[in-house]
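Read off the chains here:
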Amino acid sequence: MAAEPDLPGGVAAAAEGALRALRGSFAAVSVWERERGRLRVLVNAGELDEDEERLPADESYPVHNFPEIAEFLHEEWVGGRPHAWVERADGPDECAVYTGHRVASLRRHRRSSCVIAPIVLHGRAWGELYVARPEGAPVFDRKDADFATVLAAVTAAGIVQTERLEEVRRLAYTDPLTGLGNRRAVDARLDEAVERHLAEGVVVSLVVCDLNGLKRVNDTLGHAQGDRLLERFGSLLSLCGARLPGALAARLGGDEFCLLSVGPPADEVVRAAEELCLSAGRLELGEGVACGIASTGDPIGEVRSARRLFRLADAAQYRAKAAGSRKPVVAGRDGGLADPVVRLADRPPRPAAAERRRFRGRRG
C-alpha cells in the first residue's frame, strides 16, 4: 500500500494482497461513513458476480444492517485490539459474531464463508476488510481470522499514510470527537438543500438535538465520561440517519447535534427521531435528549433560507426541552402558522436576548 499515491489505489492493493494471503476468491475493503450512517464499498477484488464492480461508484449499505460496526466494535474494540471473525453460509460457527445479511450475501453469491476484519484508525472503527471463499472450498477458521486481524492492521497503517494529504480537507468538515459532520458541513449542505427545495420542491427536514445531562456527567464523573456520552450519542445519531437516505448527521458543538434530511417525507423523519429519543433514553450515561424538528413537508410557511429552518427546528427543540418531552416536538403540527413553535421562531428577537444559539446569528 505504501507505494500507492492515493486511497483508492492503496485499498485496492490491500484487497488484492489479502485475497492472495488468505487464499480467497473475493475480497473487499469498505469504509464506515459515520455522518451518512452507511458502509460504503471502496473496492472489490477477485472473482466478481454480475452485480459486483471492481471500483463501484456507489455500492453502500445502511449501517443498521450491520450493527457490529457501530455497536460491537465501539464497546469491545475501540481503544483495544480488534479481532476478526468468520461467518459461514451454512450458519453460525464458533468464530461468528453476527449473521443475517452477511449469511444471505454468501448464499446469494455462492460462497462458503467469509472473514471480516475491522480496520481501526486512531482508536476508532474506520471500516472493514472482507475476504470470502467459494462453495466447495474449506471454510475459514480461527487461525484465518487471526491472520486477517494482522492484515487489517497492516491495511490501517497504509491508509494512515495515503490519507495524510486528505486530512486537512476532511477535518474541515468533520467533528474530531464523534466523527460526524461539523457545523461547516451542515451550513454547506443545508444551503444546497434549501436551493433544491425552492427550485424543485424537495422536502428538507432538520432535527436539532440537545443532549441532556452532559454537564452533570462532566461535573460528577469527569470529562472522559462526558466525551464517551457524546461519542455514544453520535453513534446513535449515525444509525438514525442511516434510515433516511442521504441524511447528514452532525455535531454542531458542545451538547448540540443535528440531522439534516433531504428527500424523505416529514413523517419518516419524525419516526426516525422518535426512535433516536427512545435509544438516547436507554444510554447508561446522560438524561436522554430533547429533539425539535422543522420540515418543509409540514405547514410552517415559506422557507426561503437555511436560517429560518434552523430557527424553527431550534424553537421546537427549545419547547421539547422546556416541557421535558421524551418525544420530538415538530414545528407546524399544532396549528400550522398558529403553532406556538412557529410563532416563537418568527418572533422578532429582543435586543436583550442575544441569540441563544450560535446558529441563530447565522447570516442568510
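Here we summarise the structure given alongside this text. (Residues numbered from 1 in each chain as written. Predicted model: local features only at pLDDT ≥ 70, side-chain atom pairs only at ≥ 80, totals over all residues. Heavy atoms only, no water.)

### What to know about the sheet that holds strand 4 (residues 85-88)
- One open sheet holds the six strands; their spatial order is 3-2-1-6-5-4, and the pairing between them is antiparallel. The sheet terminates laterally at strand 3 (60-62) and strand 4, the two strands that pair on one side only. Averaged over neighbouring strand pairs, the angle between their axes works out to 25 degrees when direction is ignored.
- Relative to strand 3, strand 2 (residues 38-46) is paired through three bridges, and the arrangement is antiparallel. Counterpart to Arg38 in the pairing with strand 3 is Pro62. (Pairing = 2+ DSSP bridges. Helix = DSSP H or I, 4+ residues; strand = E, 2+ residues; numbered from the N terminus. Axes fitted to C-alpha atoms, helices over the stretch in contact; angles between N-to-C directions.)

### Re the nonpolar core
- Grouped together as the largest cluster of nonpolar side chains are 32 residues, with contacts concentrated most on Leu190, Leu206 and Leu309.
- Counting only elements with at least two residues in this core, the list comes to helix 5 (183-200), strand 7 (204-211), strand 8 (248-253), strand 9 (256-262), strand 10 (289-295), helix 9 (306-323) and helix 10 (340-346).
- Top element by residues in this core is helix 9. It accounts for eight residues.
- Those residues in contact with Leu206 that lie beyond four places of it in its chain are Cys258, Leu259, Leu260, Gly292, Ile293, Ala294, Leu309, Phe310 and Ala313.
- Among the nonpolar cores identified, the runner-up in size contains 30 residues, and Phe233, Ala247, Phe257 and Ala272 belong to it. (Core = buried A, V, L, I, M, F, W, Y, C linked by side-chain atoms within 4.5 Å. Buried < 20%, exposed > 50% of the residue type's maximum accessible area, 1.4 Å probe, protein only. Contact = heavy atoms within 4.5 Å.)

By themselves these figures say nothing about function.
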